[in-house]
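What follows is each chain in one-letter form.
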Amino acid sequence: MKNLKVALIQYDTVMPDIEQNTATAIKLIREASKNGADLVLFPECFLTAYAAPDICEKLLPVQDIESDPQFIKWCESALTEDEEHFVQIKNLAAELNIGVVITGFSKGKQYPQNTAWIIDRNGKVILKYSKVHTCDFDWERYLEAGNSFPVCRFDGIAMGCMICYDREYPESARELMLNGAELIMHPNSCGGMPPRLKELSVRAMENMVGIAMANPPSKGMGNSCAFSPMVWTKDGVPLDNTIFVGSELEETIYYVEFDIDEIRAYREREDLGKYRKTTAYKKLV
């Protein structure tokens, strides 16, 4: 299997202007395609922007704000897979024969969800993942949390997603690994990156998975990155599993490659995660 080349989109969409954000996404996907990317990874909530109505900042009970006109509009503007802007992204993936991990608020049962979709080279959605670990200490408490960590196959590679705060819970990457993931795509939108880069490095190591993360640029943000699962050579010599870490402020597309054959050979010979003693995990569900 040839290497998988992933385009990490280090751009921001501050305003919830789906027309402009979709046009930007299309431009970036076309550029990534020209540069030979197999898959394009966007930051968190790219199409819709990672933003909520001002009333959400008050952190009132949802019953106190759900009749607010701006809150209603926000809920109604959440995406579906047949919404015209989303369809444009699907059609472009098929036109360019490229995979896309696109993000935005999607319609839940009652309130929006924070969602990443993996679209294959034929323009078909092969995975929809909604953020499980919503930031309930802040306005994300008004989102509906996802309830599973699905895995799909893109170009024959087992792949899943986690979003931003999911990274801070080791169960996220472990569940993906147990579901068969070889690579994890990680849309992100946050700062304080030094400890969070370490988290991603450890998640890759302890689950023997490759991880790619895309984050918007800003002071304390950026640092779009990729980590390999490989932390030892065949002879047991320790390795730095960092594939790449970008800058904080640069607005750009970074490109990283995962050697899938090498990852699979490493997973076959190494033991991390293989000998779990689940009967001792009394407090885990």
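Residues numbered from 1 in each chain as written. Predicted model: local features only at pLDDT ≥ 70, side-chain atom pairs only at ≥ 80, totals over all residues. Heavy atoms only, no water.

(A) How the structure looks around the pairing of strand E9 (residues 210-214). For E9, the buried fraction is high: five of the five residues fall into the buried class. Residues of E9 alternate between two faces, with Gly210, Ala212 and Ala214 on one and Ile211 and Met213 on the opposite face, all of them buried. Relative to E9, strand E8 (residues 183-187) runs parallel, the two sharing five bridges. Paired with isoleucine 184 across the two strands is isoleucine 211, which belongs to E9. Traced from E8 through helix H6 (residues 193-207) to E9, the parallel crossover comes out right-handed. Of the strand pairs in this sheet, E9 and strand E10 (residues 225-227) are connected by three bridges, and their pairing is antiparallel. For isoleucine 211, the partnering residue across the bridge sits in E10 and is phenylalanine 227. (Buried < 20%, exposed > 50% of the residue type's maximum accessible area, 1.4 Å probe, protein only. Helix = DSSP H or I, 4+ residues; strand = E, 2+ residues; numbered from the N terminus. Pairing = 2+ DSSP bridges. Right-handed = clockwise from strand over helix to strand, strands pointing away.)

(B) Inspection of helix H3 (residues 69-76) at higher detail. Of all the residues in H3, the buried ones are Phe71, Trp74 and Cys75. Down the axis of H3, the buried side of the element spans an arc of 95°, and every buried residue falls inside it. The exposed residues of H3 that point more than 90 degrees off its buried face are Pro69, Lys73 and Glu76. If you follow the buried residues of H3, they end up packed against helix H2 (62-65), strand E3 (99-107) and strand E4 (112-119). In this structure aspartate 68 caps H3, since a side-chain oxygen of it lies 3.0 Å from the backbone nitrogen of glutamine 70. (Arc of directions from axis to C-beta. Contact = heavy atoms within 4.5 Å. Polar contact = N/O pair within 3.5 Å; in protein donor to acceptor, adjacent residues only side chain to side chain.)

(C) Spatial organisation of the packing of helix H5 (residues 170-178) against H6. Contact pair H5 / H6: the axes reach a minimum separation of 10 Å and the direction vectors enclose 35°. In the packing of H5 onto H6, the handedness of the crossing is right-handed. For the pair H5 and H6, contact is made by Pro170, Ala173, Arg174 and Met177 and by Arg203, Glu206 and Asn207, respectively. By residue class, the composition of the contact of H5 with H6 is three nonpolar, one polar and three charged. (Axes fitted to C-alpha atoms, helices over the stretch in contact; angles between N-to-C directions. Left-handed = near helix turned anticlockwise from the far one by under 90°. Nonpolar A, V, L, I, M, F, W, Y, C, P; charged D, E, K, R; others polar.)

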